[in-house]
Amino acid sequence: MSKTISGVVVNADDFGYSDSVNRAITQCLKNNLISQTTVMVNMPGFAQACQLSKEHGFENQVGLHLNLSEGEPLTDRIKSLPMFCDNDGRFNGAFRRSRRFTFFMSSAEKKAVKEEVEAQMKQYIGAGFMMMHMDSHHHTHTIPSILAVVIPLAKENGFRSMRISRNV
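What you see is a predicted model; the values in this text were computed from it and never measured.

### Regarding the packing of aromatic side chains
Phase 1: All chains considered together, the criterion is met by six aromatic pairs.
Phase 2: Ring centres 5.4 Å apart and planes at 80 degrees place the aromatic pair Phe-84 and Phe-101 in the edge-to-face group. Here the residue Phe-84 occupies a position in the loop between β3 (62–66) and α3 (99–103), and Phe-101 occupies one in helix α3, the gap between them amounting to 17 residues. Accessibility classification places Phe-84 together with Phe-101 in one group, the buried group.
Phase 3: Here the aromatic cluster, defined as three or more aromatic residues joined through ring pairs, consists of Phe-84, Phe-95 and Phe-101.
Phase 4: A cation over a ring is seen here: Lys-54 above Phe-129, with NZ or CZ 5.1 Å from the ring centre.

### Points about the packing of helix α4 (residues 107–126) against helix α5 (residues 144–156)
Phase 1: At a minimum axis distance of 10 Å, the contact between α4 and α5 shows a crossing angle of 40 degrees. When the axis of α4 is compared with that of α5, the two are oblique. Here α4 runs over α5; the crossing is right-handed. Side by side, α4 and α5 meet where Lys-110, Val-113, Lys-114, Val-117, Glu-118 and Met-121 of the first sit next to Ile-146, Val-149, Val-150, Leu-153, Ala-154 and Glu-156 of the second.
Phase 2: A per-class count over the contact of α4 with α5 returns eight nonpolar, no polar and four charged.

### Focus: the sheet that holds strand β4 (residues 133–136)
Phase 1: Pairing is parallel in the open sheet, where five strands are placed in the order β1-β2-β3-β4-β5. The open sheet has two edge strands, β1 (11–15) and β5 (161–162), and neither has a second partner.
Phase 2: Inspection of the sheet shows β1 paired to strand β2 (residues 36–39) by three bridges, in the parallel sense. In the strand pairing of β2, Phe-15 is matched with Val-39.
Phase 3: Across the sheet, helix α1 (residues 19–30) is in contact with β1 and β2; its angle to β1 comes to roughly 155 degrees.

Calculation notes
- Residues numbered from 1 in each chain as written.
- Predicted model: local features only at pLDDT ≥ 70, side-chain atom pairs only at ≥ 80, totals over all residues.
- Heavy atoms only, no water.
- Phe/Tyr/Trp six-rings, centres within 6.5 Å; stacked < 30°, edge-to-face > 60°.
- Helix = DSSP H or I, 4+ residues; strand = E, 2+ residues; numbered from the N terminus.
- Buried < 20%, exposed > 50% of the residue type's maximum accessible area, 1.4 Å probe, protein only.
- Lys NZ or Arg CZ within 6 Å of the ring centre and 35° of its normal.
- Axes fitted to C-alpha atoms, helices over the stretch in contact; angles between N-to-C directions.
- Parallel < 35°, antiparallel > 145°, perpendicular 65-115°, else oblique.
- Left-handed = near helix turned anticlockwise from the far one by under 90°.
- Contact = heavy atoms within 4.5 Å.
- Nonpolar A, V, L, I, M, F, W, Y, C, P; charged D, E, K, R; others polar.
- Pairing = 2+ DSSP bridges.

Such coordinate-based values are descriptive only and should not be taken to indicate function.
Here you go:
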């Protein structure tokens, strides 16, 4: 169970993004300035984030920060879709600027998103995190076409809570 500050959960996104982000979040958790964090499993600092959370005893305060807009995907299918990735196979965030994509994904896009989301969930679970909370980078899981893919996968993989709106 995460700690709350005056009844409010204070979450720091982007754990796993980089060394500096990881160290800042670790300091904030150690000093009780935040309640929890969410980790990006596809970013270069993920292994370090896992190590820091175990070393400092806050692994039960780490949720998943689903990421479909930055870094390198964990799966191959999504890399070939220009709506998600550039020519180098790195996320480009283009889908966030598409009106069509808000409510509709092609079957190829849906399949690729499903594979990537599930791979990120498995990576999180495989690292031993058990908080089973999720949100997403740039709130992409709140886009209706993405949310339709995420909800069944979250249920299947045992996630118990999800931030369902953008920041207030």
